[in-house]
Each structure stands twice: as C-alpha cells, then as structure tokens.
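So you can see what is in the structure, the chains are spelled out below.
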Amino acid sequence: MAERVLYGYFRSSAAYRVRIALNLKGLAYRQRPVNLLKGEQKSAEYLALNPHGMVPLLDDGGVKIVQSLAICEYLDDAYPDTARLLPSDPVARARARSIALAIAADIHPLQNPRVGKHLQAEFGVGEDGKTEWIRHWIRTGFDALEQQLAASPARYAAGDEPTLADVCLLPQVFSARRFAVDLAPYPHIVRIAEALDALPAFADAHPAKQPDAV
Ligand SMILES: N[C@@H](CCC(=O)N[C@@H](CS)C(=O)NCC(=O)O)C(=O)O
C-alpha cells in the first residue's frame, strides 16, 4: 500500500493541526521533519514539493496537498467513514469553519517565522518587539473568539464532538502559551483546550511527542 507522509515541524501550529486530524480519523502516517529553524523549508528539494516554502505538506500515497485546512478537508472527503471533522449540518459546519478560519486565516499567519524575520530585517524590530507583536495578534483574535465561544457554549469549540474548529484551537493555545500570553481572560478557550488535551488524538499530536522535538 502506498505510504502516507506528513512533512512538518514539531512546533508548527499548522502541522499540529494535520497531526490531530490524521489521529482523529485513525489514519496511520510517517513523519518527515522539515527543520524551519535551519531553513529546510527553503531548500530546493522542499520547494520542488511545495513552492510556498511552508509546512505542512501531506503526501497521501502520491497525492500531495499543502495548506492545513485543505488537507483536513481532503481527509474528511477522502475518508468519510471515520470521525467527521466537519459536521454535515450546514449551520454546525459553518460554525466549525468560522472558528477554524478565525485562527488559521486571521491569527496564526501573523506569528509566522517569516513575518518575524521581515519585521526584524526591514523594520528593525528586536526580539522583544517581535514577541509583543505575536502576543498582540493572539490577544486580538482570542478576545473575539472568547465571545464567539461564550455565545454558543458547548463541550468543544463548535459542538459536543471535536471538529475542524478544535483541530485549529488547541495548536493556537499551545502557541499562546509558548509566547506567554496571559490566558486568564479566556475561560472558554482554556476550558475547551483542557478538554481537548484529554483526548488521545489531540494529546498524541502534541509538539513534545513528535520525533523531531528538541
Ligand atoms: N496557511 C498555511 C500556513 C502554514 C504555515 O504558516 N507554516 C509555517 C509553520 S506553522 C511555516 O512553514 N513557516 C515557514 C516560515 O515562516 O519560513 C497552512 O495552514 O498550512
């Protein structure tokens, strides 16, 4: 049988999402680490696979897909008989996607290493400034997300089963903790993250448990 390979990096939020999705769907995979600190994402070998120079990339038996949300939706479509990441009900589906996008499209891109490098190289922003920039955008997103979650309280982010929203939420909480964002103002976010961390599919995807973790 053709192999399933995830190109990722242990601390990448976007790769963390795909690890969770693969685990939730019970799909076995091999990891191929791409060391972002060493710049391996810009190597000719990797750019030939993904011209965007970012992780993750999933090679599903020769089908190569980039962009974590596209990968998750592909897994849901290609393997519909296991846990669904997107509910079939249109309202529940839209809620899950809206939380996933608030994180993946609005919060996470601003904390990317390449954004920090550009701030540093072009605008003279120092390490502290870079960290404060990341914290600012996480707090801005979490302020709104907390209200969104409070308006439709459930066990997880978009209902009583884990969805694509949770696949994005837990890695973003991990990043918030990594950058020492005060999570006290976000009780719904913290409660859901704790509930997710107790599920094996989420716990096994944690950065510290990956083969390239340092
Ligand atoms: N929208 C992309 C984002 C991917 C992304 O931001 N990947 C980061 C790691 S989390 C990356 O590879 N960054 C490389 C860099 O900044 O040079 C996705 O969801 O897959």
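Residues numbered from 1 in each chain as written. Predicted model: local features only at pLDDT ≥ 70, side-chain atom pairs only at ≥ 80, totals over all residues. Heavy atoms only, no water.

An unreviewed UniProt entry lists the chain under the name Maleylacetoacetate isomerase, from Chromobacterium sphagni. Recorded in UniProt for the chain, the comment headed Sequence similarities (unreviewed entry) runs: "Belongs to the GST superfamily. Zeta family." (UniProt positions renumbered as here; feature names shortened; annotations may be inferred.)

A. Focus on the overall build of the chain. Of regular secondary structure, the chain possesses 9 helices and 4 strands. Its helices and strands in sequence order give the chain the pattern β-α-β-α-β-β-α-α-α-α-α-α-α, from N to C terminus. Its C-alpha radius of gyration of 17 Å places the chain within 12% of the 17 Å reference for a compact globule of 214 residues. The C-alpha extent of the chain, read off along each of the three principal axes, is 50 × 45 × 30 Å. In the chain, buried positions account for 46% of the 214 residues. Residue pairs in contact within the chain that sit at least 24 positions apart in sequence constitute 67% of those at least 6 positions apart. Accessible surface, the chain as shown: approximately 10300 Å² in total, 56% of it carbon and sulfur. Computed over 24 positive and 25 negative side-chain charges, the inter-centroid distance for the chain is 3 Å. (Helix = DSSP H or I, 4+ residues; strand = E, 2+ residues; numbered from the N terminus. Rg over C-alpha atoms; globule rule 2.2 N^0.38 Å. Buried < 20%, exposed > 50% of the residue type's maximum accessible area, 1.4 Å probe, protein only. Contact = heavy atoms within 4.5 Å. Areas by Shrake-Rupley, 256 points an atom, 1.4 Å probe, with all protein chains shown as cover. Lys, Arg positive; Asp, Glu negative; His and termini not counted. Charge placed at Lys NZ, Arg CZ, Asp CG, Glu CD.)

B. Examining the site of the ligand more closely. Taken together, 16 residues form the shell around the ligand, and within it Gln41, Val55, Gln67, Ser68 and Asn112 come nearest. The contact in question runs from an oxygen atom of the ligand to an N or O atom on the side chain of Ser68, over 2.6 Å. Between an oxygen atom of the ligand and a side-chain N or O atom of Asn112, the distance comes to 2.5 Å. For the ligand, whose unbound accessible area comes to 510 Å², protein coverage reaches 92%. Going through the elements one at a time, helix H1 (13–24) and helix H5 (113–123) are the ones with two or more residues in the shell around the ligand. (Near = heavy atom within 4 Å. Polar contact = N/O pair within 3.5 Å; in protein donor to acceptor, adjacent residues only side chain to side chain.)

C. Quick look at the sheet that holds strand E4 (residues 63–66). With respect to topology, 4 strands assemble into an open sheet ordered E2-E1-E3-E4, the strand pairing being mixed. Lying at the two open borders of the sheet, with one neighbouring strand each, are strand E2 (30–33) and E4. The average undirected angle you get between the axes of adjacent strands in this sheet is 20 degrees. In this structure, strand E1 (residues 4–8) lies alongside strand E3 (residues 57–60), joined through 4 bridges in antiparallel fashion. Paired with Leu6 across the bridge in E3 is Leu58. Relative to the sheet, H1 contacts E1, E2 and E3, its axis offset from that of E1 by approximately 155 degrees. Across the sheet, helix H3 (residues 68–78) touches E3 and E4, and the angle it forms with E4 is around 135 degrees. (Pairing = 2+ DSSP bridges. Axes fitted to C-alpha atoms, helices over the stretch in contact; angles between N-to-C directions.)

D. Inspection of the UniProt feature "domain: GST N-terminal" (unreviewed entry) in the chain at higher detail. Following the UniProt record, the feature "domain: GST N-terminal" (unreviewed entry) maps to residues 2–83 here. Overall, residues 2–83 shows 35% helix and 21% strand. The separation of its end C-alpha atoms is 22 Å.

E. Main features of the nonpolar core. Ile99, Phe142, Leu145, Leu169, Leu183 and Ile189 are the most contacted members of the largest nonpolar core, which has 51 residues in total. Looking at this core, the elements with two or more residues in it are H1, H3, helix H4 (90–107), helix H6 (127–151), helix H7 (164–178), helix H8 (187–197) and helix H9 (200–203). At 9 residues, H7 tops the list of elements feeding residues into this core. Of the residues that make up this core, three or more belong to each of domain 1 (4–84) and domain 2 (90–201). (Core = buried A, V, L, I, M, F, W, Y, C linked by side-chain atoms within 4.5 Å. Domains from an automatic or database assignment.)

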